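# Inside the fold
Residue-level listing of the chains:
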Amino acid sequence: MTGYLADVLSISLMIEVSLFDNKALGRSIITAFMLLLVLILLIVVIRSMLALVEDLWVSYIIPKPFYTHLYFVKKRLSEDQLYILENQFVFYQKLQPKKKLYFEHRVANFIRHHQFEGRSGVYINNQHKVLIASTAVMLTFGYRNYRFKSLKTFVIYPDVFQSTSSHAFHKGEFNPAYKTVAFSWKDFLEGYAIENDNFNLGIHELVHVLHFDFQKRKNNAIGATLFVRYYDKIKHKMQSSTEYRQNIKASKLLRNYAFLNSFEFISVLIETFFESPKELKSNFPDLYGNVKKMLNYNDNLD
């Protein structure tokens, strides 16, 4: 009987200890969970405060973001893709070694997050992906946020194609409803074959995408702030001075298509900025300076 009571007391003691351990474990889990929530909330608050401070800094003090490139793990291209980038994209060739790694990371990431589709006998290969992605990354290399929110798919035709929406024939087209840009590959390549004719189909159509993205009211990215601010300055100067507008038109530096409307003007202007920076800076230094600030470019393109 005494042995039985001892067993019962031993079991009771074990249960009490077990319950105590479970309660202690439960309290530890709850404490850890609460600390995690506080940490997440603290991070969110700090990020929001930094975003607000940076926005005020860019808007009222110095029009440059606090930082542009910060990557914990840099993505790499395949050997074939890197060969194309190194041998067929002049902008990349001129970058410093550190920035080449940044550029490669962005190109790899851009390719990963976008679809590429061929039409009329075009079979998508690495050249299509790398050159298109590199064009997009070149345009946004001065921005921290380099992804295009209004773009998912690139459709590649061998030559001039008939638009599915307007039924007109185009070399390139941006369709925001379908988040799609279509290119004539022949004309896309010609845009890079002649580097100083101020016509680059890839740049032209992707500027339309940027313009569309950055004009959205809910876009509070620093890149959007810079783009809109200096685009407004350019428009104001063009609209307020007939002489200034006529001088730009008479210079023939920007082809006549630029003066069709404000959307085409900014696309042609940025094409010229990349293809004839010396001429643009020499003839219209204020225009050149506004585009450089608009794109947050630190590299010496001229």
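Structure: see above.
Along each chain, the written sequence defines residue order, and numbers are assigned to residues from 1. Since the coordinates come from a predicted model, pLDDT governs what is reported: local features require at least 70, and pairs of side-chain atoms require 80 or more to be given and counted, while whole-chain, interface and lining totals use all residues. With hydrogens and water stripped out, all remaining heavy atoms of the structure feed into the side-chain values.

## Section: the pattern of salt bridges
Any two side chains of opposite charge can pair, so long as their charged atoms come close to each other. Just to be clear on terms, a salt bridge is a Lys or Arg side-chain nitrogen sitting within 4 Å of an Asp or Glu carboxyl oxygen. Within this structure, the stated rule accounts for 7 salt bridges. Measuring nitrogen to oxygen at the nearest pair gives 3.2 Å for the salt bridge that ties Lys186 to Glu190. Note that Lys186 and Glu190 are positioned in helix H6 (residues 185-193) at a spacing of 4 residues, about one turn of the helix. Judged by relative accessible area, Lys186 falls into the partly exposed class, the value being 39%. The partner of Arg255 in a salt bridge is Glu271, and the shortest N-O contact between them spans 3.4 Å. Only DSSP runs of H or I covering at least 4 residues are called helices, and only runs of E covering at least 2 are called strands; the numbering of each starts at the N terminus. With a 1.4 Å probe rolled over the protein chains alone, any residue whose accessible area is under 20% of its type maximum counts as buried; one over 50% counts as exposed, and the rest are partly exposed.

## With respect to the nonpolar core
To define a nonpolar core, start from buried Ala, Val, Leu, Ile, Met, Phe, Trp, Tyr and Cys residues and group those joined through side-chain atoms within 4.5 Å. The biggest cluster of nonpolar side chains holds 73 residues, and the ones touching the most others in it are Phe103, Phe154, Ile270 and Phe274. Here, two residues are considered to be in contact whenever any of their heavy atoms come within 4.5 Å of each other. Those residues in contact with Phe103 that sit more than four places away from it in its chain are Leu85, Phe89, Phe91, Tyr92, Leu95, Ser134, Val137, Met138 and Phe141.

## Side note on the sheet that holds strand S5 (residues 172-175)
Strands are treated as partners if at least two bridges between them are detected by DSSP. Taking strand neighbours across the sheet as the criterion, the 4 strands line up as S1-S2-S6-S5 in an open arrangement whose pairing is mixed. Only two strands of the sheet have a single neighbouring strand rather than two, namely strand S1 (115-118) and S5. Across the sheet, the mean angle separating the axes of adjacent strands is 15 degrees when strand polarity is ignored. Against the sheet, H6 contacts strand S2 (153-157) and strand S6 (180-184), and its axis sits at roughly 80 degrees relative to S6. Only C-alpha atoms enter the line fits that serve as axes; for helices the fit covers just the stretch in contact. Angles between N-to-C directions range over 0 to 180 degrees. Of the strands in this sheet, S2, S5 and S6 are in contact with helix H7 (residues 201-214), which crosses S5 at around 15 degrees.

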